[in-house]
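# Residue-level structure breakdown
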Amino acid sequence: MKQIIRITIGLTISCLIAALLMGVVFTITAKAKKHNEHVQVQETMLDLLGYNGANPAPPDLKLHNIYRYILKDGRKKYLGYMIPVKEAGSLGYKLLIITLEGKFHELIDLSISPEKAIEAQERETALNEALQPPVTFTYADETAVAVTEGKRLAYLVRGEFQGFKTFITIMLAFDPNFRILGMEVMEHEEDPGLGGEIEEDYFEDQFKNKTFEKIKKLDVVKKPLPEEYRKYLEPKLRRTLTGEDLAKIRKMYQDADIYALTGATISSKAVTDGVKNATKKFAYRIEVLDSVIAEHRVAAAF
Amino acid sequence: MKDLRLHVIVVGLLLLGGMLLAGCGAEHRFIKKISFKGTNQIEIAFAGPVDEKWAKNVENYAVYEEPDPDILLNITDVNLAQGGKAVILTFESDLNQTQPHLVTLQDMMAEGRSMGTALLTVKKLYFGYLFSILLGAMIIKNFVFTKYLGLCVFFGTSQKKSTAVGMGITFTIVMIASAMMSWFLYQFVLKPYRLDFLQIIVFIGLVSLSVQAVDTILRKVNPALFKAFGVYLVLVIANCIILAVPLILANSEYNAWESLMLAVGAGTGFLIALFLMSSVRERLELANVPPTYRGLPIAFITAGLFALAFMGFSGMSIF
Amino acid sequence: MPVTKKTNKQLFFNGILMENPIFRLALSMCPAVGISTTVMNGVLLGIAVLFVQVFSSCTIAAIKDYIHPRIRIPTYTLTIATWVTIIDLVLAAYMPEAYKAMGIFVKLIVAFAIITMRLEMFAAKNPIIPSFWDAVGMGLGFMFGMMTLGFIRELLGAGTLLGHDILGVRPLLFFILPAAGFFCVGFIMALFNYVELVFKRMKEKKD
């Protein structure tokens, strides 16, 4: 009996020591983990806009994050946009509540700074303070608006949709007229060599420079990628083309449909449809948001 | 024994019925059923015939996907069916059936009287979703051939059909027990207290506990069974799958039913893999294999061929 | 097995060649098949396993006198689980891309039979320094095995090595596919068998 007690005590103590050790490591690494995540997302965004090591972003470029929530008040639903606003020279956040039909409903102050707003946990606390029950909220998505020299440079939108196997997450960059500046596949679980090719430049860059009108009708074409187009798309082969050729190819394939990947038609179609839907939804929503902001003279930072 | 079987069948049927109904989402007394039809249609069945004038007016319907309440889907056509007791809405583009859709029927008019406004949810049968998880874990995402887990034990026990089946069954039992306990602990202890990093240690602890529990229970309840399967219990702990399943269900935030399906699927999938492999290996024993390949090397190559075959299932979705 | 008579250096090489965990002992094959698609993956997982193996061995060797014989397996499991959680957290925080490439396998290190067996067979009976070298040997053996597989698969499947384009084309896409992992391990095992057979024949000829 005594032995069993000794064993149990010994085991419990060891478990506690182990748990303590892990807890310490967890708290230390959790901060680093979050920081890395955000840095990575920001780097992808800048990369999509065309800024990298050789071509750094202008110093006054700011990425403003807009967070969209769906608010529920009994049976009624509203859209809540957490937007950055400029007041008295500094940036703060306000919650702009819009009805489903696109009309202004309410504007609430939020006590959260832009640095803290990156964390989902902090946003939730701020929203809980600002909204009284029975109003509940669920997170929908977030968009980044790149602003430089007081004007909007680009929108950065995320899309998530079903691919061939599981979900595919993409990041799209638009200019203010909803022309695609770039598309990057962030996460996917497609087969390597087949659906996994959606990560490659020669697929992603096909979406570049497509106008809004073309995106709405974008389709997938099951034909092999023309050789000259491939040369234009792959960065390594691009160098073999002259400036003239580049301009010619760009013009020719400006309004072409997306060439499907060999052996991965479903993945190609999934990405194309995902891009189409994300673009249409975003264009609609940002128009509504802009009109409400303009009507009520909200001092938005973008 | 027969009584028990009858009870099990009845309970099973009740559960099935419950799950089937769970997908219907009809919350209004006048609506009998609402469901997806084809790729771009929704069919609504009423308890009685509706006024044609009300039904044909597109303005009376508002349909949107649950996560996008501000974006109403475009209805191109409305048709009456079943003598006026059902309405079929046709949409401009294919519906994304993986998302639940919310349908608002404004002020329904039937025989001149208003039946009120209904807010309904359409989604694919939950039962279908559960079944797809089961089938997925069993075949499409078979843990041995598609996810490459549990290989050590797999190669060790797949030499004869009897050992293979024994291992498979024992494993399934322990899998279900430990998966349910893991789900329980994850939902009610680890998640609320933000102790996610203790996942590994807790799950492996539960596995040892399950093995011990099954061991003791089997010893007392059915000694004959214990003699046949007991020796495999120890091997269960060394099996990667037994830890992978709780990790997956914690990661994907499955609920109790979904976890059960995953566990059953994983166990049965392992059993199927073992059975297939052992059938081949028994034959290989009698074949003329070059000396350097005898034993494990040829087993690996066989497994490779199986893996290639199972790749054919990838991307399949039934529901 | 009583306290080992091998020197530290012998222990070290033992782990890499004669008792190589993947090819000779046929243990911990899950990751060998699953993610040895690139050399980098192999190196990273190898480092993770090395870390866990070394720290677990040293911990157990240090406290072996206090472990009650009846609960030694749970104790090993507890130690391994702790160290695996720690390295899982560290990797997730400081090397997120690598962590994503390895997926669930980092967490599954705790189920690797090789580590538990090594603790049982060696660290529980030997002092810290020999345990350390044995663990290093085993860990490196594992890493070496993963790297070999990764080398073959990456070179033949993607034409790259460590991300650098070597061949410029993709010879046989088949090798990146997970199924090829089985084939490669099978062939390499056969190779090891063959080498052993040759050695045996040579020895027999000598006598």
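Residues numbered from 1 in each chain as written. Chains lettered and ligands numbered in written order. Predicted model: local features only at pLDDT ≥ 70, side-chain atom pairs only at ≥ 80, totals over all residues.

### Let's talk about the overall build of chain B
- Scanning chain B from N- to C-terminus turns up ten helices and nine strands.
- Relative to the compact-globule value of 20 Å for 319 residues, chain B shows a C-alpha radius of gyration of 26 Å, a clear excess of over 25%.
- When its C-alpha atoms are laid out on the principal axes, chain B stretches across 85 × 45 × 45 Å.
- Here chain B, with 319 residues, has 36% of them falling under the buried criterion.
- Counted over contacts in chain B with a minimum sequence separation of 6, partners at least 24 positions apart contribute 71%. (Helix = DSSP H or I, 4+ residues; strand = E, 2+ residues; numbered from the N terminus. Rg over C-alpha atoms; globule rule 2.2 N^0.38 Å. Buried ≥ 20, exposed ≤ 12 C-beta atoms within 10 Å, placed from the backbone. Contact = placed C-beta atoms within 7 Å.)

### A closer look at the overall build of chain C
- Helix and strand content of chain C: nine helices and two strands.
- Start at the N end of chain C and walk to the C end: the helices and strands fall as α-α-α-α-α-α-α-α-β-β-α.
- Across the 207 residues of chain C, 54% fall into the buried class.

### Regarding the confidence of the model for chain C
Residue and element names in this part refer to chain C.
- For chain C, mean pLDDT is 76; residues scoring 70 or higher make up 79% of the total.
- The least confident element of chain C is helix α1 (residues 8–18), whose mean pLDDT is 65; the most confident is helix α3 (residues 39–63), at 84.
- Overall fold confidence (pTM) sits at 0.79, and the ipTM for the predicted complex is 0.78. (pLDDT = per-residue confidence, 0-100.)

### Section: the domain arrangement of chain B
- Per the domain assignment, the segments of chain B are domain 1 (24–124) and domain 2 (129–311).
- Placing a centre on the C-alpha atoms of domain 1 of chain B and another on those of domain 2 of chain B gives a separation of 45 Å. (Domains from an automatic or database assignment.)

### Things to note about the interface of chain A and chain B
- Each partner contributes residues to the interface: chain A has 17 residues there, and chain B has eleven residues.
- When the residues that make up the side of chain A that touches chain B are grouped by side-chain class, the tally is eleven nonpolar, one polar and five charged. (Nonpolar A, V, L, I, M, F, W, Y, C, P; charged D, E, K, R; others polar.)

### Structural notes on the interface of chain B and chain C
- Of the residues lining the interface, 29 residues belong to chain B; the matching set on chain C comes to 34 residues.
- Ranked by the residues each element gives to the side of chain B that touches chain C, the list is headed by helix α10 (residues 296–311) of chain B, at ten residues.

### Focus on the confidence of the model for chain B
All names here are of chain B.
- Looking at chain B, pLDDT values average 82 and 93% of them are 70 or higher.
- Averaged over each element, pLDDT in chain B is lowest for helix α1 (residues 2–22) (63) and highest for helix α9 (residues 256–286) (90).
- Overall, residues 21–25 carries pLDDT values under 50, and its contacts beyond four positions in sequence, including any with other chains, amount to twelve contacts.

### A few points about the environment of Gln97 of chain B
- Its location among the elements puts Gln97 of chain B in the loop between β5 (86–91) and β6 (101–105).
- In this structure the C-alpha to C-alpha distance between Gln97 of chain B and Ala47 of chain B, which are 50 residues apart in sequence, comes to 25 Å.

### Considering unusual backbone geometry
- The phi dihedral of Arg297 of chain A is positive, around 50 degrees, even though this residue is not glycine.
- Structurally, the position occupied by Arg297 of chain A is in the segment after α9 (265–295).
- Residue class for Arg297 of chain A comes out exposed when judged on the 7 C-beta atoms lying within 10 Å of it.
- The backbone of Tyr148 of chain B sits at a positive phi, close to 60 degrees, despite the residue not being glycine.
- Mapped onto the elements, Tyr148 of chain B comes out in the loop between α3 (126–140) and α4 (151–157).
- On the neighbour-count criterion, Tyr148 of chain B (26 C-beta atoms within 10 Å) is buried.

### Notes on the sheet that holds strand β3 (residues 61–65) of chain B
All names here are of chain B.
- Spatially, the three strands line up as an open sheet ordered β3-β6-β9, and their pairing is antiparallel. Edge positions in the sheet fall to β3 and β9 (118–122), since each has one partner strand and no second. The sheet shows a mean angle of 20 degrees between the axes of neighbouring strands, direction not considered.
- Pairing geometry for β6 and β9, over five bridges, is antiparallel. Within β9, the position partnered with Thr104 by the bridge is Leu119. (Pairing = 2+ DSSP bridges. Axes fitted to C-alpha atoms, helices over the stretch in contact; angles between N-to-C directions.)

### Quick notes on the packing of helix α6 (residues 199–221) of chain B against helix α4 (residues 72–94) of chain C
- Packing of α6 of chain B against α4 of chain C leaves a shortest axis separation of 9 Å and a crossing angle of 155 degrees. Classified by the interaxial angle, the pair formed by α6 of chain B and α4 of chain C is roughly antiparallel. With respect to the hand of their crossing, α6 of chain B and α4 of chain C are arranged in right-handed fashion. Each of Ile200, Ile201, Ile204 and Ser208 of chain B in α6 of chain B lies in contact with α4 of chain C, whose residues at this interface are Pro74, Thr77, Leu78, Ala81, Thr82, Val84 and Thr85 of chain C. (Parallel < 35°, antiparallel > 145°, perpendicular 65-115°, else oblique. Left-handed = near helix turned anticlockwise from the far one by under 90°.)

### Observations regarding the sheet that holds strand β1 (residues 62–73) of chain A
Residues and elements named next belong to chain A.
- Spatially, eight strands are ordered β4-β3-β2-β1-β5-β6-β7-β8 in an open sheet, and the strand pairing comes out antiparallel. Each edge of the open sheet is held by one strand with a lone partner, namely β4 (104–110) and β8 (180–187). Averaged over neighbouring strand pairs, the angle between their axes works out to 25 degrees when direction is ignored.
- With respect to the sheet, helix α3 (residues 120–130) is in contact with β1, β2 (76–87), β3 (90–99), β4 and β5 (135–148), its orientation differing from that of β4 by roughly 115 degrees.

### A few points about the nonpolar core
- Of all hydrophobic cores here, the largest spans 127 residues; its most connected members are Leu243, Val245 and Leu262 of chain B together with Val110 of chain C.
- Looking at this core element by element, the count peaks at twelve residues for α4 of chain C.
- The contacts of Val110 of chain C, once residues within four sequence positions are left out, are Ile200, Ile204 and Leu243 of chain B together with Ile80, Ala81 and Val84 of chain C.
- Residues Ile98, Ile170, Met183 and Phe207 of chain A belong to the second largest nonpolar core, which totals 57 residues. (Core = buried A, V, L, I, M, F, W, Y, C linked by C-beta atoms within 7 Å.)

### Let's talk about helix α8 (residues 240–251) of chain B
- A rise of 1.5 Å per residue sets the reference length of α8 of chain B, with its twelve residues, at 16 Å; its end C-alpha atoms lie 16 Å apart and thus fit the reference within 8%.
- Summarising burial for α8 of chain B: ten of the twelve residues are buried, a large majority. (Expected span 1.5 Å × (residues − 1).)

### Quick notes on the environment of Ala101 of chain C
- With respect to the helices and strands, the residue Ala101 of chain C is situated in helix α5 (residues 96–102).
- Counting along the chain gives 60 residues from Ala101 of chain C to Asn41 of chain C, while the straight-line C-alpha distance between them is 7.2 Å.

### Topic: the packing of helix α5 (residues 161–190) of chain B against α8 of chain B
Residues and elements named next belong to chain B.
- For the pair α5 and α8, the least separation of the axes is 9 Å and the interaxial angle reads 35 degrees. You can see that α5 and α8 cross each other, and the crossing is right-handed. Taking contact as the criterion, the partners of Val174, Met175, Ser178, Ala179, Ser182, Trp183 and Tyr186 in α5 are, on α8, Ile242, Val245, Pro246, Leu249 and Ala250.
- Tallied by class, the residues present in the contact of α5 with α8 amount to ten nonpolar, two polar and no charged.

### Looking at the pairing of β4 of chain A
- Relative to β4 of chain A, β3 of chain A is paired through six bridges, and the arrangement is antiparallel. Pairing of Ile98 of chain A across the sheet is with Phe104 of chain A, part of β4 of chain A.

### Some points on the pairing of β5 of chain A
Residues and elements named next belong to chain A.
- Relative to β5, β1 runs antiparallel, the two being bridged by twelve bridges. Each residue of the ladder has a partner; that of Asn65, found in β5, is Ala144.
- Here β5 pairs with strand β6 (residues 151–162) via six bridges, running antiparallel. Pairing of Val147 across the sheet is with Arg152, part of β6.

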